[in-house]
Amino acid sequence: MGMELEGSMEEYIDTGDIEYNDSEVAAHIRDILSKVVQGGDTSDYYDLVGKLSQSGHMTPDDVASLVTSLKGLSGAVASINIVRHESLLQAIFGMNMWKYNPDVMDVLVNLIIRLATSSGEFVDSSLEMLIKNFTPHQSLLENLHKPRGIVKKEQVLDRVHSALINITELVPLAPLRLLPILSQRMPNIFGSERAMAIYVENMLRLESGPIGEFVGSTMLLAVVDRLVELDVEIGWDDITENKSDESESDKNESDKGIFEMEPEDMDGGDYYGLSKPEKVNAVAEKLDYLMELICQHLKSCAENGRLLKVFETLLQSFHVTVLNTQRSKFAQFFMFYACSLDPEECGVSFSIMLTDVFCCNTGIPLTRMSSIAYLASYLSRAKFLEGQIIASTLQRLVNWCVDYCRLVDAEERTLNPQAHRVFYSGCQAIMYVLCFRMGEMLSDSDLKSQIFGFPLQLILKHPLNPLKVCLPLIVEEFLKQAKAASLFTTSENFHFTNLLESDLSKAFGGVERLDMFFPFDPYLLSKSNRFIKPIFRRWSNAANMDADKEGFSAEEQLGEEVDYLSDESDEDMGRSFNDGDDLYPDDFEDSMNKMSITPKSSLKCSMGGEHKIIPKKMPAIIRPSTSPL
């Protein structure tokens, strides 16, 4: 049972003049453990347990004694019994590495590895102990951003991940055992922001490390799930802009839940304000931080040549988790950013996936409508997409709509938006994208030829009459641009008076209001916006770009403020999507800073085959996407 040594445990591990080698210490530990099994004296055993469980300040002698004990246990793991030495195991697996110096960390990690690889009985407990050490105790958690906290974080997490790698290399089933532990230990969405952030950092580190081959896709799926869980906790009514100088009428509008879009003057400020339940603002901050983390991770993947592999998982996660989460407001931008890192591969793959889902005639209608909403918003907002990609995608949508028109009885005169809701969502998507991209694409001769080849007359003048059913503001804007470009004209007069919606559009959108769902509307999370802003196309960017191409400045194209309102009724500038009778504030300058707007035509009638861009007046206001729930 090991060599017999006189003296108590305290004397044996004394660090004074007498020194013992590791094998002698291990032999003594084995003797202590055997006495517990045989029913002998257990005083040394409980002294050992107490030493491992010691809390509070530790003297240098205490630290040295602890190091000696842990070394001895590493040499005696074969003698540890999972039943008879339960209190000892609880003490070992309950140790927090963040409390100790590197010397203690090293011997503790070695002991955990020895336990995990010595017997299958200890694998789960060893893995769980390491995962628990992903996050420090609360007092240190608040100081991780300080120099000492940064050093401590590096010391602990380097050792934790090294241990996980060693265990998974030596225990083939360890990765499978690791996955449920990682899921169970993930902090609650209402817990500490810092705890969640550091935990997600570790999950992403696992994904990109040697263990990622086994657990990487699951890590990404779990992170996306957490993003969505946080996102749906933020209601549209909870998102308000903090502006100390806003008027009383503006505050009243905010109280009514107006989702203020296109915050172009908010650089450096908060994009979300305190919400009515105070916890929502905290949730938004967590989501913002996690979005920042995943964008940084994706950027690193691109730099290391791993993006395409990771993107496969992201595409799967988006399809399964995000696409049908109708209340998602910001989480979907992880895909937007990933596509920007490789537009030719990832950007096109995302577009094809969304188009395939929409064009699948056997698919669920709500899923198809959601996919076309994502597609239209993506094609309109992604700066990084080439015009040919957009034109090719539009061609597929046009072809599908043409096929649909041919299947429907040409004599059908009664509009039934609900019955043909997928068709109307496709028509609206085509018009929406053209509102944003028409000027850009018509400036390219090849794309212009392709766009002019679209059989829009067949679709838009069909008895199903999508021009009467789709959102009036999109239809109005499209007709103005299309007429100016000689792309499409209609003899029928449409008097929308800048209405956001109609009873017919509500009908095809259904209770989910997918007719008003534009998922890639301007991004309102402040920290992570640094990743999105450079790749995001605002309507003002599109309008100014068209003007600049023809030598007009932004001011020349938009005109003087007094002219903006010349053909717009002050009281009809736009209506609240939450209350059709509530109007926007009359102040135009304020509304320009807040609202998402579709383009009014920057194109004028063709002359001799050339399209002359002439500055127009105020663009028609289009309200932001509304929560479908």
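Everything numeric in this text was worked out from a predicted model, so none of it was measured.

**Q** Any chance you could explain the overall build of the protein chain here in plain terms?
**A** Within the protein chain, the regular secondary structure consists of 30 helices and 2 strands. Summarising the internal contacts of the protein chain: among those between residues at least 6 apart in sequence, 77% fall at separations of at least 24. Of the roughly 26400 Å² of accessible surface on the protein chain, a fraction of 49% belongs to carbon and sulfur atoms.

**Q** What is the right way to read the pattern of salt bridges from this model?
**A** Oppositely charged side chains are able to pair whenever their charged atoms sit close together. One pass over the full model with this rule turns up 16 salt bridges. One salt bridge connects Arg177 with Asp124, and the closest N-O pair in it is separated by 2.7 Å. With Arg177 in helix 10 (residues 174-185) and Asp124 in helix 7 (residues 123-132), the pair connects residues that are 53 residues apart, well separated along the chain. Arg306 is paired through a salt bridge with Glu207; the nearest N and O atoms lie 2.7 Å apart. Linking Arg306 in the loop between helix 14 (278-303) and helix 15 (307-322) with Glu207 in helix 11 (residues 193-208), this pair joins segments that are 99 residues apart in sequence.

**Q** What is the right way to look at the packing of helix 4 (residues 60-74) against helix 6 (residues 102-118) in this model?
**A** When two helices pack together, their arrangement is given by the angle between their axes and by how far apart the axes lie. Direction vectors running N to C along helix 4 and helix 6 enclose 20°, while the axes themselves pass 9 Å from each other. The orientation of helix 4 with respect to helix 6, classified from their angle, is roughly parallel. At the point where helix 4 passes helix 6, the crossing takes the left-handed sense. Facing helix 4, whose interface residues are Val63, Leu66, Val67, Leu70, Lys71, Leu73 and Ser74, helix 6 presents Asp103, Val104, Val107, Leu108, Asn110, Leu111 and Arg114. The residue makeup of the contact of helix 4 with helix 6, split by class, is 9 nonpolar, 2 polar and 3 charged.

**Q** Got a minute to help me understand helix 3 (residues 43-52) in this structure?
**A** For an α-helix, the turn length of 3.6 residues means that residues three or four places apart are oriented alike. Among the residues of helix 3, Asp44, Tyr45, Leu48, Val49, Lys51 and Leu52 are the ones counted as buried. The arc that holds every buried residue of helix 3, seen down its axis, measures 160°, which confines them to one face.

**Q** I would appreciate a short explanation of the environment of Ile532 in the present structure.
**A** Within the fold, Ile532 resides in helix 26 (residues 529-532). Taking the relative accessible area as the measure of exposure, Ile532 reaches 1% and is therefore buried. When near neighbours in sequence (up to four residues on either side) are disregarded, Ile532 contacts Phe333, Tyr337 and Tyr523.

**Q** Even after reading the chapter, I still don't get the nonpolar core, so can you show me in this structure?
**A** Considering soluble globular proteins, one finds that nonpolar side chains tend to be buried as a cluster. Counting 185 residues, the largest nonpolar core has Phe350 and Phe478 as its most contacted members. Discounting chain neighbours no more than four positions away, the residues touching Phe478 are Met431, Leu434, Cys435, Met438, Leu456, Leu460 and Phe488.

**Q** Can you help me understand the side chain of Ser371 in this one?
**A** Residue placement: Ser371 occurs in helix 18 (residues 365-381). When its relative accessible area of 0% is taken as the criterion, Ser371 is described as buried. Setting aside residues no more than four positions away along its own chain, Ser371 makes contact with Leu323, Leu354, Val357 and Phe358.

**Q** Looking at this structure, how should I read the environment of Ile112?
**A** Secondary-structure assignment places Ile112 in helix 6. Residue classification places Ile112 among the buried residues on the basis of a relative accessible area of 0%. As for Ile112 and Leu127, which are separated by 15 residues in sequence, their C-alpha atoms are 8.5 Å apart. Each residue touching Ile112, except ones within four places of it in the same chain, is listed here: Ile92, Phe93, Ser126, Met129 and Leu130.

**Q** So what exactly am I meant to see when it comes to unusual backbone geometry here?
**A** Excluding glycine, a negative phi dihedral is what most residues carry, and trans is how most peptide bonds are arranged. With a phi close to 50°, Asn465 is a non-glycine residue in the positive phi region. Mapped onto the secondary structure, Asn465 falls in the loop between helix 22 (456-460) and helix 23 (466-469). For Asn465, a relative accessible area of 13% puts it in the buried group. A positive phi angle, near 60°, is found at Ser486, a position not held by glycine. Counting through the fold element by element, Ser486 comes out in the loop between helix 24 (472-484) and helix 25 (503-509). According to the relative accessible area criterion, Ser486 is partly exposed, its value standing at 39%.

**Q** Would you mind showing me how to read the confidence of the model for the protein chain here?
**A** Mean pLDDT over the protein chain stands at 77; residues scoring 70 or higher make up 72%. Low pLDDT, under 50, characterises residues 240-277; the predicted model gives this stretch 94 contacts beyond four residues in sequence or across chains. Counting contacts from residues 545-629, a segment whose pLDDT is below 50, to residues more than four positions away or on other chains yields 211 contacts.

**Q** Got a minute to help me understand the packing of aromatic side chains in this structure?
**A** Think of a pair of aromatic rings as described by two things: how far the centres are apart, and how the planes are tilted against each other in angle. Inspection of every chain in the model, using the stated rule, returns 26 aromatic pairs. Where Phe330 meets Tyr523, the ring centres are 5.9 Å apart and the plane angle is 80°; that geometry is what we call edge-to-face. Taken together, the positions of Phe330 in the loop between helix 15 and helix 16 (333-341) and Tyr523 in the loop between helix 25 and helix 26 put the pair 193 residues apart, joining distant regions of the chain. On the basis of relative accessibility, which here comes to 3%, the residue Phe330 falls in the buried class. You can call Tyr523 buried: its relative accessible area is 1%.

**Q** Mind showing me how you'd approach the environment of Ser528 here?
**A** For Ser528, the position within the fold is in the loop between helix 25 and helix 26. For Ser528, a relative accessible area of 1% gives the class buried. Distance from Ser528 to Glu292, taken between C-alpha atoms, is 4.6 Å for residues 236 residues apart in sequence. Apart from the residues within four sequence positions on either side, Ser528 is in contact with Asp288, Met291, Glu292 and Tyr523. At 2.8 Å, the side chain of Ser528 and the side chain of Tyr523 are in polar contact.

**Q** Would you explain the packing of helix 20 (residues 421-442) against helix 21 (residues 445-452) in this entry?
**A** Axis separation between helix 20 and helix 21 bottoms out at 8 Å; the angle between their running directions is 130°. Our classification of the angle between helix 20 and helix 21 gives oblique. Residues Leu434, Met441 and Leu442 of helix 20 pack against Leu447, Lys448, Ile451 and Phe452 of helix 21. Split into classes, the residues belonging to the contact of helix 20 with helix 21 amount to 6 nonpolar, no polar and 1 charged.

Cut-offs and rules
- Residues numbered from 1 in each chain as written.
- Predicted model: local features only at pLDDT ≥ 70, side-chain atom pairs only at ≥ 80, totals over all residues.
- Heavy atoms only, no water.
- Helix = DSSP H or I, 4+ residues; strand = E, 2+ residues; numbered from the N terminus.
- Contact = heavy atoms within 4.5 Å.
- Areas by Shrake-Rupley, 256 points an atom, 1.4 Å probe, with all protein chains shown as cover.
- Salt bridge = Lys/Arg side-chain N within 4 Å of Asp/Glu carboxyl O.
- Axes fitted to C-alpha atoms, helices over the stretch in contact; angles between N-to-C directions.
- Parallel < 35°, antiparallel > 145°, perpendicular 65-115°, else oblique.
- Left-handed = near helix turned anticlockwise from the far one by under 90°.
- Nonpolar A, V, L, I, M, F, W, Y, C, P; charged D, E, K, R; others polar.
- Buried < 20%, exposed > 50% of the residue type's maximum accessible area, 1.4 Å probe, protein only.
- Arc of directions from axis to C-beta.
- Core = buried A, V, L, I, M, F, W, Y, C linked by side-chain atoms within 4.5 Å.
- pLDDT = per-residue confidence, 0-100.
- Phe/Tyr/Trp six-rings, centres within 6.5 Å; stacked < 30°, edge-to-face > 60°.
- Polar contact = N/O pair within 3.5 Å; in protein donor to acceptor, adjacent residues only side chain to side chain.

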